[in-house]
Amino acid sequence: MNKQCALSQYSSENELVNTKKRPLPVQPDECYKPKKFKSKEINYKPDDDIVTLFKFELQKILINSNDLNTTITDILPYGSRISGLNISNSDVDFNINYVSKIPVKKVIKSFANKLRQSQVFIKVFALIHAKIPIIKSTHKNTGIDCDISFNNVSSVHNSHLLNHILSMDYRIKPVLMKLKIWAKNMGLINTNGFSSYSFYWLGLFIMQVMGILPAIRDLQKSVPEVLVGHWNCAFSKNPQEYIINKQETLSESDILNFFYKYYSNFDFDKFVISPYTGCPLLKKDFENVEQLPGELWRYKQFYQENKECQKLLFLGTCQFKMYTQDPFQHNVNITARVTPKIFEKFINVCIELKP
């Protein structure tokens, strides 16, 4: 085994142990039943097709954006309602692809004004100074929050990747939902800690290490590229194209136990979590990229083209020590915002729960 993929944290003596901890409840899947919406009251029910409704409303409101020399090319949903990891009151996320000759901030402000004027969406706030500018709003008739980002198509691909991964094994969704609920109850998922998305990938990486899931690189081997900027966001949906040992005898509790045990012993000072390769990578190799494995050739190329701009590089994206590589965008650390306080709390609760 090469040094990049050294699973340094575990030996054969670290066996999985069943637990008697009661699993956290998971919300049932939603289904579609059309219904009429009445204005000025909250009448949402879990079986409404909220995504379709919101997209239709946004299209009606923003269709006249051409008067600002702005052309909307697509409105695409993403997030938990697309990945399949939503609960009944999850917000709805949309990405608006557009082309325009005017500055980004002005475009976003104009979209926000149109949403306010429509009175279909309320509590409309344009967060134009955020790392990824968004419009936050609430749908008046349903009370469901709606977040809108712009030209952020990689997030759409990420959501569809998660949705496909859920279909690969019956244990994946309940494990991820339990981890998310647990992390929220522990105060780990917040603006100074993990996002739900980054926490999902901590769970999925564990299942890659255990042999339940393939590495993302294996899902990309035999399909045409789908490039978003520098990065390939394609993945195969054909199970015959990747062979894994699914460890069928392992229960959801076994996987959760392994999660707590693995991360309570993981050397975050030395290693990077890489769902793309399916194994830890040495952090120091990102300083000397020629030491990285060959399958990360895109990042090596990106590094050479952008090495003078530290904030674009993987190790330049975080002032703290937790590094988790995005499965598609290899220069992005999806745990960059996790503060030392939240990080230490995460390690401590894993230590408390490990078998």
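Structural data are supplied above this passage.
Residues numbered from 1 in each chain as written. Predicted model: local features only at pLDDT ≥ 70, side-chain atom pairs only at ≥ 80, totals over all residues. Heavy atoms only, no water.

Peer 1: Give a description of the packing of aromatic side chains that names residues and reports values.
Peer 2: In total, this model carries 30 aromatic pairs according to the counting rule given. With centroids separated by 6.0 Å and ring planes inclined at 85 degrees, the aromatic side chains of Y98 and F111 adopt a geometry described as edge-to-face. Here Y98 is found in strand 2 (residues 92-100), whereas its partner F111 is found in helix 3 (residues 104-118), with 13 residues between them in sequence. Exposure remark for Y98: the relative accessible area of 9% places this residue in the buried category. Given the relative accessible area of 1%, F111 is considered buried. Taking the centre distance of 6.2 Å and the plane angle of 75 degrees together, the rings of F259 and F346 count as edge-to-face. Residue F259 is located in helix 8 (residues 252-265), and its partner F346 is located in helix 10 (residues 340-353); the two are separated by 87 residues in the primary sequence. By relative accessible area, which is 1% here, F259 ends up buried. Given a relative accessible area of 0%, F346 falls into the buried group. (Phe/Tyr/Trp six-rings, centres within 6.5 Å; stacked < 30°, edge-to-face > 60°. Helix = DSSP H or I, 4+ residues; strand = E, 2+ residues; numbered from the N terminus. Buried < 20%, exposed > 50% of the residue type's maximum accessible area, 1.4 Å probe, protein only.)

Peer 1: Lay out the side chain of N152 in plain terms, naming residues and giving numbers.
Peer 2: With respect to the helices and strands, the residue N152 is situated in the loop between strand 5 (145-150) and helix 4 (153-166). A relative accessible area of 11% means that N152 is categorised as buried. Side-chain polar atoms of N152 contact the side chain of S149, separated by 3.4 Å. Of the polar contacts made by the side chain of N152, one reaches the side chain of S155; its length is 2.8 Å. Contacts of N152, omitting those with residues within four sequence positions, involve Y78, N95, N97 and I132. (Polar contact = N/O pair within 3.5 Å; in protein donor to acceptor, adjacent residues only side chain to side chain. Contact = heavy atoms within 4.5 Å.)

Peer 1: I'd like a description of the environment of K311, backed by residues and values.
Peer 2: Its place among the elements puts K311 in the loop between helix 9 (297-306) and helix 10. A C-alpha to C-alpha distance of 9.5 Å links K311 and N331, two positions 20 residues apart in sequence.

Peer 1: Give a detailed account of the pairing of strand 2, specifying residues and quantitative values.
Peer 2: Of all 9 residues in strand 2, 7 are buried; the element is thus mostly enclosed. As paired strands, strand 2 and strand 5 are joined by 5 bridges and run parallel to one another. Its bridge partner lying in strand 5, V92 is registered against C146. (Pairing = 2+ DSSP bridges.)

Peer 1: Can you explain unusual backbone geometry? Please cite residues and give values.
Peer 2: With a phi close to 50 degrees, K123 is a non-glycine residue in the positive phi region. If you trace the backbone, K123 turns up in strand 3 (residues 121-127). Residue class for K123 comes out exposed when judged on its relative accessible area of 58%. Here N151, not a glycine, exhibits a phi torsion of approximately 45 degrees, which is positive.

Peer 1: Outline the pairing of strand 5, supporting the account with residue identities and numerical values.
Peer 2: The buried fraction of strand 5 is high, at 5 of 6 residues. Relative to strand 5, strand 4 (residues 134-139) is paired through 5 bridges, and the arrangement is antiparallel. Residue I135 lies in a different strand from strand 5, and its bridge partner there is I148. Between the antiparallel neighbours strand 4 and strand 5 lie 5 residues, among them G143 with a positive phi of about 75 degrees.

Peer 1: Can you tell me about the nonpolar core, naming the residues and giving the values?
Peer 2: W182, F194, F199, F259, Y263, Y299 and F346 are the most contacted members of the largest nonpolar core, which has 72 residues in total. Here the element with the most residues in this core is helix 6 (residues 196-209); it accounts for 9 residues. Those residues in contact with Y299 that lie beyond four places of it in its chain are W231, F286, V289, L292, L313, F314, L315, H330 and N331. By size, the runner-up hydrophobic cluster in this structure holds 26 residues, among which are F54, V92, Y98 and F150. (Core = buried A, V, L, I, M, F, W, Y, C linked by side-chain atoms within 4.5 Å.)

Peer 1: Quick rundown of the pattern of salt bridges? Include the residues and the values.
Peer 2: What the rule picks out here adds up to 9 salt bridges. Between D147 and K136 there is a salt bridge, and its shortest N-O distance comes to 3.0 Å. Of the two residues, D147 is situated in strand 5 and K136 in strand 4; the sequence distance between them amounts to 11 residues. K321 serves as the salt-bridge partner of D269, at 3.6 Å between the closest nitrogen and oxygen. Remark: K321 occurs in the loop between helix 9 and helix 10 and D269 occurs in the loop between helix 8 and strand 8 (271-272); sequence separation between them is 52 residues. Taking relative accessible area as the criterion, D269 reaches 51% and is therefore assigned exposed. Classification of K321 as partly exposed rests on a relative accessible area of 31%. (Salt bridge = Lys/Arg side-chain N within 4 Å of Asp/Glu carboxyl O.)

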